[in-house]
Amino acid sequence: MLEIADLRKSFPPAETGGARAEIVRVPAFALGAGEQAALRGESGSGKTTFLHLIAGILAADSGRITVDGVVMTSLGEAQRDRLRAQKLGYIFQTFNLLQGFTVLENVQLGMAFGGGVDKGRARELLGRVGLGHRLNHFPNQLSTGQQQRVAVARALVNRPKLVLADEPTGNLDRVHSRAALELIREVCREYGAALLLVSHDEEVLRQFEKVRDFKELNQAVQ
Amino acid sequence: MTLPLLIYRSLRQHALSTLVTAGSIALACGLLMTVWMVKTQSQEVFTSTNTGFDAVLGARGSKLQLVLNAIFHLEASPGNLELSDYEEIKKHPAVRTAIPLAVGDNFRGFRLAGTIPDLFTTVEYAPDHAFAVRPGGAFFKLGAREAVAGSFAAQQLKLKVGDTFHPYHGLNFNEESMHSETYTVVGVLQPTNTPADRVIWIPIEGVQKMSGHVASSANQISAVLIQLRSPAAGFALDQLYNKQGNRLTFAFPVGAIIAELFGKISWFDQVLTLVAYLVAVVAAASVLASIYNSMSARRRDLAILRSLGARRRTIFGAVVAEAAVIGALGATAGYVIYFALLTGVARLIQAQTGVVLDVFAGHPVLWICPLAMIALCALGGVVPAMKAYRTPVAETLAPVS
Ligand SMILES: Nc1ncnc2c1ncn2[C@@H]1O[C@H](COP(=O)(O)OP(=O)(O)O)[C@@H](O)[C@H]1O
Ligand SMILES: [Mg+2]
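As the structure is a prediction and not an experimental result, all values here were calculated from the model. (Residues numbered from 1 in each chain as written. Chains lettered and ligands numbered in written order. Predicted model: local features only at pLDDT ≥ 70, side-chain atom pairs only at ≥ 80, totals over all residues. Heavy atoms only, no water.)

A. Expanded view of the overall build of chain A. Looking only at helices and strands, one finds eight helices and nine strands in chain A. Rg of the C-alpha trace for chain A: 17 Å, near the compact-globule value of 17 Å for 222 residues, within the 12% margin. In terms of overall dimensions, chain A has C-alpha extents of about 50 × 35 × 35 Å along its principal axes. For chain A, with 222 residues in total, the buried portion stands at 54%. Counting every atom, chain A has about 9400 Å² of accessible surface; 45% of that belongs to carbon and sulfur. Of the side chains in chain A, 28 bear a positive and 25 a negative charge, and the two mean positions are spaced by 3 Å. (Helix = DSSP H or I, 4+ residues; strand = E, 2+ residues; numbered from the N terminus. Rg over C-alpha atoms; globule rule 2.2 N^0.38 Å. Buried < 20%, exposed > 50% of the residue type's maximum accessible area, 1.4 Å probe, protein only. Areas by Shrake-Rupley, 256 points an atom, 1.4 Å probe, with all protein chains shown as cover. Lys, Arg positive; Asp, Glu negative; His and termini not counted. Charge placed at Lys NZ, Arg CZ, Asp CG, Glu CD.)

Here you go:
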């Protein structure tokens, strides 16, 4: 499903000077179809950068990322965009909902650039995550927990092969956090998507059977 | 499906600036179309307005003034000519019809034009259009103190058959210069959409012999309106009166003289057109600026769309399309402004000259201008679209902390 080999990413030095900072250096990583895994990592250890690379919104310096049989690192940007639209779902810590769009529209946009919009499926999934009565609300009219569920629905509505979740419960309190995580895992299972979650929150990590330390995985010298 | 949604939501989110920008485009578009149409329409209508006459004979002076006075009932008469001049040209073999005209009095600012009933009975003011009075009215009889009111004059002065009035001396209304004669309205003309609508017609000797007019005016008239048997004859008469003679002016052809007037004032509509073009450029620039200014606020939304799989060129296209839609909204509202302005200008022109512009006339500018405006706005949208195109997704979504 997801295979990574010799992946490297460094950023140019800040204006103050210094050498290029290598942030990601992952010799090997793999995730099977429908598999769910969590990565444990400190703040600033490069987890977000790692997910950005997998999502193709950042270009790797070198190495290989294969998603569902497609070698993404050999694709041009526009092709990476299409791959992301068709095969990936992304759940952000800050949800990143589009504030000017309704709940239903936000979820529709999760399909807009990949397979094509299916309003019925968007409604159905919103019903599944308990927001069937909030379709025409705007994000700022929802609670944080509800917003998070919109983000989950948006990430899954296009039936992605792989869902990337970057501290998805970081903005929720403990009670909601637990429920939210369960929801994400269940929906991923129902939709047959693999899940790769990164977090520094032990409470969250404890719920996963398969947890890896990002520090071990990532050999970039900090 | 997605593009309209993106555009619609973005316009909604920036409703105020959308409104202001579209409004300025509407103004620019409406102004441009109005200037253009007033120019072409009035040129067309004025140069084709001759109330049925080919030429005007009058005192020595400016042909334009002669035509304006005798055909359009504007300006002062350049002077008088003798009744014998009228008798002479009337007998000329090249002249089909000659109608004398005497002016110099008014009723509440509307001119009294002295003439003979033949004007109504033998002249068509436009091809296949003869003068007619409204039911219950009649043309005046020579020698009687009777008047026939043009439709616009009658409407403004609320004159109807049977009403009486006193003429006032001069072309401008002055309470103190009332003549003692009493005239009775015997007819109101059907609208002709020509300057004749703004005139009150009375028998010619009424003007000539109005109490208080100098005695010599009894044998003088202001102009002779002429229909020729053939256009070629006009050149012969031009030769006769303008080149050989030096006492009279023969204004021919009427349309060409009015066209000259438009030539003289062409700088005016050039200035207006230039202003309108500038307004158009400013409007397009305002589209550019308004979208560009909102760009930093929209960076995050654009990056989110990219994270959902939107390509750079989709984002670029959406911004350009949004600019074009603002242009289209503005252009549509521009038609409203156009009709409002043109109707106003047309009313003004009708009140001042009796000439009626066709507000619903078609012209290529009516689709070229809106399309050009939309294109211009889309072009203005390219600048912010480039900025949108370059939005870095990863950095925008996860700002370096
Ligand atoms: N575009 C960038 N330019 C320079 N440095 C960056 C950039 N993006 C991330 N970094 C740096 O990379 C490091 C890892 O960041 P990040 O991947 O966000 O870590 P995490 O998600 O584990 O907190 C940080 O030190 C951050 O400052
Ligand atoms: Mg992070």
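B. View of the site of ligand 1. All names here are of chain A. The environment of ligand 1 is made up of 12 residues, and the closest members are G44, G46, K47, T48 and T49. In this structure, an oxygen atom belonging to ligand 1 sits 2.6 Å away from a main-chain N or O atom of G44. Between ligand 1 and T48, the relevant distance is 2.6 Å, taken from an oxygen atom to a side-chain nitrogen or oxygen of the residue. In the complex, 70% of the free accessible area of ligand 1, which totals 560 Å², lies under the protein chains. For the shell around ligand 1, the element with the most residues is helix α1 (residues 47-55), which contributes three residues. Looking at the shell around ligand 1, its residues break down into three nonpolar, six polar and three charged. (Near = heavy atom within 4 Å. Polar contact = N/O pair within 3.5 Å; in protein donor to acceptor, adjacent residues only side chain to side chain. Nonpolar A, V, L, I, M, F, W, Y, C, P; charged D, E, K, R; others polar.)

C. Fine view of the sheet that holds strand β8 (residues 194-199) of chain A. Residue and element names in this part refer to chain A. The strand order across the open sheet built from five strands is β6-β7-β8-β3-β9, with neighbouring strands paired in parallel fashion. Each of the sheet's edge strands pairs with one partner strand only, and the pair in question is β6 (88-91) and β9 (211-213). Taken over all neighbouring pairs, the strand axes of this sheet differ in orientation by 20° on average, direction set aside. Pairing geometry for strand β7 (residues 162-166) and β8, over five bridges, is parallel. From the neighbouring strand, V163 faces β8, where its bridge partner is L195. Along the sheet, helix α2 (residues 77-87) contacts β6 and β7; its crossing angle with β6, the most-contacted strand, is approximately 80°. (Pairing = 2+ DSSP bridges. Axes fitted to C-alpha atoms, helices over the stretch in contact; angles between N-to-C directions. Contact = heavy atoms within 4.5 Å.)

D. The arrangement of the sheet that holds strand β4 (residues 62-67) of chain A in detail. All names here are of chain A. One open sheet holds the four strands; their spatial order is β2-β1-β4-β5, and the pairing between them is antiparallel. Only two strands of the sheet have a single partner each, and these edge strands are β2 (21-31) and β5 (70-71). The sheet contact formed by strand β1 (residues 2-11) and β2 spans nine bridges and is antiparallel. Directly across from R8, in β2, lies its bridge partner R25.

E. Quick look at the packing of aromatic side chains. Applying the stated criterion to the full structure yields 21 aromatic pairs over all chains. Judged by centre distance (5.5 Å) and plane angle (85°), the ring pair of B:F120 and B:F131 falls under edge-to-face. Highlighted residues: B:F120 in helix α5 (residues 118-122) and B:F131 in the loop between β6 (129-130) and β7 (146-149), separated in sequence by 11 residues. Through a chain of ring-to-ring contacts, three or more aromatic side chains come together here, namely B:F120, B:Y125, B:F131, B:F139, B:F140 and B:W201. Stacked on the ring of A:F208, the Lys or Arg A:R185 has its end atom at 4.3 Å from the ring centre. Its end group placed over the ring of B:Y389, B:R312 keeps NZ or CZ at 5.6 Å from the ring centre. (Phe/Tyr/Trp six-rings, centres within 6.5 Å; stacked < 30°, edge-to-face > 60°. Lys NZ or Arg CZ within 6 Å of the ring centre and 35° of its normal.)

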